[in-house]
Amino acid sequence: MTARAVTEATFDQEVLNNEKAVLVDFWAEWCGPCRAVSPILDQIATEHADKLDIVKLNVDENPGLAMKYQITAIPAFKVFEKGEVVKTVIGAKPKPALEADLAAYIS
Amino acid sequence: MRDIIIIGSGPAGFTAAIYAARAQLKPLLIASSVEIGGELMNTTEVENFPGFPEGIMGPELMTKLQEQAERFGTEVVYDDVVELELDGPVKRVKLGNGDEHEASAIIYATGSAYRKLGLPEEEVLSGHGLSWCATCDGFFFRQKTIAVVGGGDSAMEEATFLTRFADKVYVIHRRDTLKASKIMQQRAFDNEKIEFIWNAEVARLLGETAVTGVTLRDTVTGEERDLELDGLFVAIGNDPRTHLVHGKLDLTSEGTIAVDGRTSKTNIPGVFAAGDVIDPHYRQAVTAAGSGTVAALDAEHYLAALPKSPEAGTDSSVAEAEFAAVN
């Protein structure tokens, strides 16, 4: 399952008003580590679809949201619950390390 | 059991794979899970790789090297090695997903990792104004004032690249001369947005939740002063990635894997090392590629001398005696 894209137009509905916890992957085309970690996020999304929703936000196309959430390094992953950021993870990591970081939301 | 497993996916790993695959050894290459392609994946234009007079983008070069390795039968696995068993004629490689692979020979080409500043604030501010990847994060520093720490080619490349976004880029260097190649130095000197701060090192990072500046220490006088910044990029060198082989392979006083003369042979028969992980001095894409070639040829030679039948192959003394005989 490929994580779906969200934009500034759909962010409120897909992320802030989502009943589940949502991980937003802030990424860009030019960022090698972002592309490398993308398939790992897709796997986590598939394996934990019941608990955690995973979506992708292209910072190049949605700079307003990148600024709002003070993104200065990518890939950056922010977990939202009830519209609030509850967890931030920065940088591409192997799957076991990412799963450990996200343990509270996927187990 | 396979003939050969290559660990690492930079220029050394993929070049070793091209040679090993063409020798019909059907190599398995463990590329890592998130650092596939190695250091060049985070660079922009590579202008010094022979055969590309117009230059080539780092990621494109690595994609081509991988395609070339796969064209001749290299199998690539996207996972990380978590454990290695190198003694004896059968080498075992355990991956993050639990899979285990066995081979008669290993080429270890894991490259090097970015060196950290070694400051206590580093962890908290990492990703919050402190960055190791200019190509990834430069975009977020439009019209900002930032600094690059370092004096080598990477530092010059990053500083020059970052002027596309930032209004002002300081280069902080602990000496009064640069290690970078002359052409990269000149490009930085000619750039109006770049200002050099010589004989200075970063003593502290300032800012609670994001970088607001640094305290600089003069390396000659010891004097300290603060410099306001929106971001800091670190390019102070790399350290060989050897943690998986500590206590297994001999290292040099510089921390690289020790190899025999101009060969790729480590202290364990059947284990070869190539690229930045054995090279404290040159560390170029093309020297790494050359080093990968050496490792593949050494491994091919070693494999050719092993006893043919699988039963004999499990007897370590026979394999090692054969190895000694051909070397």
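This structure is a prediction, so every number in the text was calculated from the model and none was measured.

The rules behind each value
- Residues numbered from 1 in each chain as written.
- Chains lettered and ligands numbered in written order.
- Predicted model: local features only at pLDDT ≥ 70, side-chain atom pairs only at ≥ 80, totals over all residues.
- Heavy atoms only, no water.
- UniProt positions renumbered as here; feature names shortened; annotations may be inferred.
- Helix = DSSP H or I, 4+ residues; strand = E, 2+ residues; numbered from the N terminus.
- Contact = heavy atoms within 4.5 Å.
- Buried < 20%, exposed > 50% of the residue type's maximum accessible area, 1.4 Å probe, protein only.
- Disulfide = S-S within 2.5 Å.
- Pairing = 2+ DSSP bridges.
- Right-handed = clockwise from strand over helix to strand, strands pointing away.
- Buried area = accessible area lost by both parts, 1.4 Å probe.
- Salt bridge = Lys/Arg side-chain N within 4 Å of Asp/Glu carboxyl O.
- Expected span 1.5 Å × (residues − 1).
- Bend = angle between axes of the 7 residues up to and from the residue.
- Axes fitted to C-alpha atoms, helices over the stretch in contact; angles between N-to-C directions.
- 1 Å grid on protein atoms, 1.4 Å probe; cavity = no way out; pocket = protein on both sides within 12 Å on 5 of 7 lines; lining within 4 Å.
- Points joined across faces, edges and corners; volume = space filled by probe spheres on them.
- Nonpolar A, V, L, I, M, F, W, Y, C, P; charged D, E, K, R; others polar.

(A) Geometry of the UniProt feature "active site" (unreviewed entry) in chain A. The positions UniProt marks with the feature "active site" (unreviewed entry) are A:Cys31 and A:Cys34. With respect to the helices, strands and loops of the structure, A:Cys31 is situated in the loop between strand E2 (21–27) and helix H2 (32–47). When near neighbours in sequence (up to four residues on either side) are disregarded, A:Cys31 contacts A:Ile74, A:Pro75 and B:Cys136. The residue A:Cys34 is located in helix H2 in this model. Looking at A:Cys34, the relative accessible area reads 2%, which means it is buried. Not counting residues within four places of it along the chain, the set of residues in contact with A:Cys34 comprises A:Trp27, A:Ala28, A:Ile74 and A:Pro75.

(B) Structural view of the state of the cysteines. Residues and elements named next belong to chain B. Considering all chains together, one arrives at two disulfides over all chains under this definition. Note on cysteine connectivity: cysteine 133 is disulfide-linked to cysteine 136, with sulfurs 2.2 Å apart. Residues cysteine 133 and cysteine 136 are joined through a disulfide that is right-handed, its torsion about the S-S bond being 65 degrees.

(C) Main features of the UniProt feature "site: Deprotonates C-terminal active site Cys" (unreviewed entry) in chain A. Residues and elements named next belong to chain A. Per the UniProt record, "site: Deprotonates C-terminal active site Cys" (unreviewed entry) is annotated on Asp25. In this structure, aspartate 25 sits in strand E2. Setting aside its immediate chain neighbours within four residues, aspartate 25 contacts Leu41, Val55, Lys56, Leu57, Pro75, Ala76 and Phe77.

(D) Just the UniProt feature "domain: FAD/NAD(P)-binding" (unreviewed entry) in chain B, in detail. Sequence positions flagged by UniProt for "domain: FAD/NAD(P)-binding" (unreviewed entry) are, in local numbering, residues 3–292 of chain B. With 21% helix and 28% strand, residues 3–292 of chain B has end C-alpha atoms that lie 16 Å from one another.

(E) Inspection of the pairing of strand E11 (residues 145–149) of chain B at higher detail. Residues and elements named next belong to chain B. Most of E11 is tucked away, with four of its five residues classed as buried. Where E11 lies against strand E12 (residues 168–172), five bridges are found, and the strand directions are parallel. For threonine 145, the partnering residue across the bridge sits in E12 and is lysine 168. On the question of chirality, the crossover connecting E11 to the parallel E12 by way of helix H5 (residues 153–162) is right-handed.

(F) Structural view of the interface of chain A and chain B. Counting residues at the interface gives 20 residues for chain A, matched by 16 residues for chain B. In this assembly, chain A packs against chain B so that about 1400 Å² is buried in total across both faces, 66% of it on carbon and sulfur atoms. In this structure, the connection of chain A to chain B is made through zero salt bridges. Of all the elements, H2(A) adds the most residues to the side of chain A that touches chain B, at six residues.

(G) Representation of H2(A) within the structure. The end-to-end C-alpha separation of H2(A) is 24 Å, in line with the 22 Å expected for 16 residues at 1.5 Å each. In H2(A), a bend of some 35 degrees at A:Ser38 exceeds every other bend along the element, and A:Pro39, a proline, comes one to four places later. Residues of H2(A) that are buried sit in contact with E2, strand E3 (52–58), strand E4 (76–81), helix H4 (95–101) and helix H5 (103–106) of chain A together with helix H4 (134–137) of chain B.

(H) Broad picture of the sheet that holds E3(A). Residues and elements named next belong to chain A. As summarised here, the arrangement of the five strands in space is E1-E3-E2-E4-E5, forming an open sheet in which the pairing is mixed. The open sheet is flanked by strand E1 (4–6) and strand E5 (84–90), the only strands paired with a single partner. Each strand of the sheet is rotated relative to its neighbour by a mean of 30 degrees, with strand direction disregarded. Relative to E3, E2 is paired through seven bridges, and the arrangement is parallel. Opposite leucine 23, over in E3, you have isoleucine 54 as the bridge partner.

(I) The layout of surface pockets, seen in detail. Of the pockets and cavities examined, the second largest pocket occupies roughly 680 Å³. Together, 26 residues line the second largest pocket, and A:Gln70, A:Ile71, A:Thr72, B:Phe140 and B:Lys144 are the ones closest to its centre. At the level of elements, helix H3 (63–68), E4 and E5 of chain A are the ones that each hand at least two residues to the lining of the second largest pocket. If one sorts the elements of the lining of the second largest pocket by residue count, H3(A) sits on top with three residues. Of the residues in the lining of the second largest pocket, the class split is 14 nonpolar, eight polar and four charged.

(J) Seen up close, the pairing of strand E8 (residues 100–108) of chain B. Residue and element names in this part refer to chain B. In terms of burial, E8 is a largely internal element, seven of the nine residues being buried. Where strand E1 (residues 2–7) meets E8, five bridges bridge the pair, whose relative direction is parallel. Looking at the pairing, arginine 2 lines up with alanine 103 of E8. In this structure, strand E7 (residues 91–95) lies alongside E8, joined through four bridges in antiparallel fashion. Looking at the pairing, lysine 91 lines up with alanine 103 of E8. When E8 meets strand E19 (residues 271–273), the two strands line up parallel, connected through three bridges. Bridge pairing in E19 places isoleucine 107 opposite phenylalanine 272.

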